[in-house]
Amino acid sequence: MSEPTTYTLEAPGAVLVYEVRDNGGAGHPVLLLAGAPMGATGFAALAEQFADRMVVTYDPRGTERSQRTDSQPPGSAPGEHAEDLRRLIQALDAGPADVFASSGGAVNGLALVARHPRLVRTLVAHEPPNAQELPDRECVLAACADIRQTYQRSGYGPAMAKFIALVSHAGPIPPGFPGQPAPDPAAFGLPTQDDGSRDDPLLGLHMTACVGHELDFDALRAAPTRILLGVGSQSGQMMAGRAAVAAAGRVGTTPVTFPGGHDGFITDPAAFAAVLRIALDR
């Protein structure tokens, strides 16, 4: 497995940082691993499982090394991220690429295919938290707005505690969930004191723009791209897992079950990669 080489890519309002593991991979498309707001570091273990392919990881704009150069706060809406993914694939001269995208990255990947379908051969969208497809969408979106407001009012610890409570909740979000008191941040090992910073991309714009994004299912169904939705074996009843199943129904495909939960590619990368490889090569 080759060591990653780091590159930068100029984009309007940001400088994107990406890494290429050039393992050759003759006969295989480039494999792009994308998250949001999680950057390249979170995919390192999964990337190492594909020593027979060229693998690309990157930091989304406003996250880790990909800092914004405009006056906008960290974080971006899915449409802006989709254009960054388009720029990255075109800069690599790698299209059509295979894309594995998880969480917010999966929403961005679906937005990319809707806009630029010929750049992607296969998209595996793992647990996109597209709440608009859920019957409890209003409660989910209200909870996300409350998390963002809590962050602005009280800081990282209380907001992240509410975020953990939301994403780990099994089943539909009940009407009384949004606005309830935050769990004790200390119970999750989170800071209890507000340090005054308000630059966390997850708890800022991402919290509402990503979860509330409306996917263009007409464009997705018409795309030549092979689109698969992934769901974790341990997280299928949680919000992102339920949203993945709902999106699969709208696209007209059967969800692919991956080992573990929302972070299965981190907790057991070898087992996760085995399923992903089958999905990509099917």
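This text follows the structure it describes.
The structure contained in this document is the topic of the report that follows. (Residues numbered from 1 in each chain as written. Predicted model: local features only at pLDDT ≥ 70, side-chain atom pairs only at ≥ 80, totals over all residues. Heavy atoms only, no water.)

1. Considerations on the pairing of strand E1 (residues 5-11)
Point 1. Of the strand pairs in this sheet, E1 and strand E2 (residues 14-21) are connected by 7 bridges, and their pairing is antiparallel. Across the sheet, Glu10 pairs through a bridge with Val15, a residue of E2.
Point 2. The turn linking E1 back onto E2 is made up of 2 residues, and Gly13 within it adopts a positive phi angle of 85 degrees. (Pairing = 2+ DSSP bridges. Helix = DSSP H or I, 4+ residues; strand = E, 2+ residues; numbered from the N terminus.)

2. Quick look at the packing of helix H4 (residues 137-154) against helix H6 (residues 202-209)
Point 1. It is the contact of H4 with H6, at a shortest axis distance of 9 Å, that shows an interaxial angle of 160 degrees. What the angle tells us is that H4 and H6 run roughly antiparallel. In the crossing of H4 with H6, the sense of the turn from one axis to the other is left-handed. The segment H4 lies against H6, with Cys144, Ala145, Ile147, Arg148 and Tyr151 engaging Leu203, Gly204, Leu205, Met207 and Thr208.
Point 2. Residues of the contact of H4 with H6, tallied by class, amount to 7 nonpolar, 2 polar and 1 charged. (Axes fitted to C-alpha atoms, helices over the stretch in contact; angles between N-to-C directions. Parallel < 35°, antiparallel > 145°, perpendicular 65-115°, else oblique. Left-handed = near helix turned anticlockwise from the far one by under 90°. Contact = heavy atoms within 4.5 Å. Nonpolar A, V, L, I, M, F, W, Y, C, P; charged D, E, K, R; others polar.)

3. Things to note about unusual backbone geometry
Point 1. In this structure, the amide linkage connecting Ala36 to the following residue, Pro37, adopts the cis form with an omega of 0 degrees.
Point 2. Among the secondary structure elements, Pro37 is positioned in the loop between strand E3 (31-34) and helix H1 (44-47).
Point 3. A positive phi angle, near 50 degrees, is found at Glu64, a position not held by glycine.
Point 4. If you trace the backbone, Glu64 turns up in the loop between strand E4 (55-59) and helix H2 (78-92).

4. Structural notes on the pairing of E4
Point 1. Most of E4 is tucked away, with 5 of its 5 residues classed as buried.
Point 2. Across the two faces of E4 the burial is the same, with Val55, Thr57 and Asp59 and Val56 and Tyr58 all buried.
Point 3. Bridge count for E2 against E4 is 5 bridges, and the pairing is antiparallel. Bridge pairing in E4 links Arg21 to Val55. (Buried < 20%, exposed > 50% of the residue type's maximum accessible area, 1.4 Å probe, protein only.)

5. Details of the packing of aromatic side chains
Point 1. Counted according to the given criterion, the structure contains 8 aromatic pairs.
Point 2. Summarising the aromatic geometry, the rings of Tyr7 and Tyr18 are spaced 5.4 Å apart at their centres and angled 20 degrees between planes, so their arrangement reads as stacked. Here Tyr7, found in strand E1, pairs with Tyr18, found in strand E2; they are 11 residues apart in sequence, far enough to count as distant.
Point 3. With centroids separated by 5.0 Å and ring planes inclined at 10 degrees, the aromatic side chains of Phe43 and Phe265 adopt a geometry described as stacked. In this pair, Phe43 is assigned in the loop between E3 and H1 and Phe265 in helix H9 (residues 264-267), connecting sequence segments 222 residues apart.
Point 4. Look at Phe43 and you get buried, because its relative accessible area is 0%.
Point 5. The aromatic ring of Tyr151 is capped on one face by Arg198, whose charged end is 5.6 Å from the ring centroid. (Phe/Tyr/Trp six-rings, centres within 6.5 Å; stacked < 30°, edge-to-face > 60°. Lys NZ or Arg CZ within 6 Å of the ring centre and 35° of its normal.)

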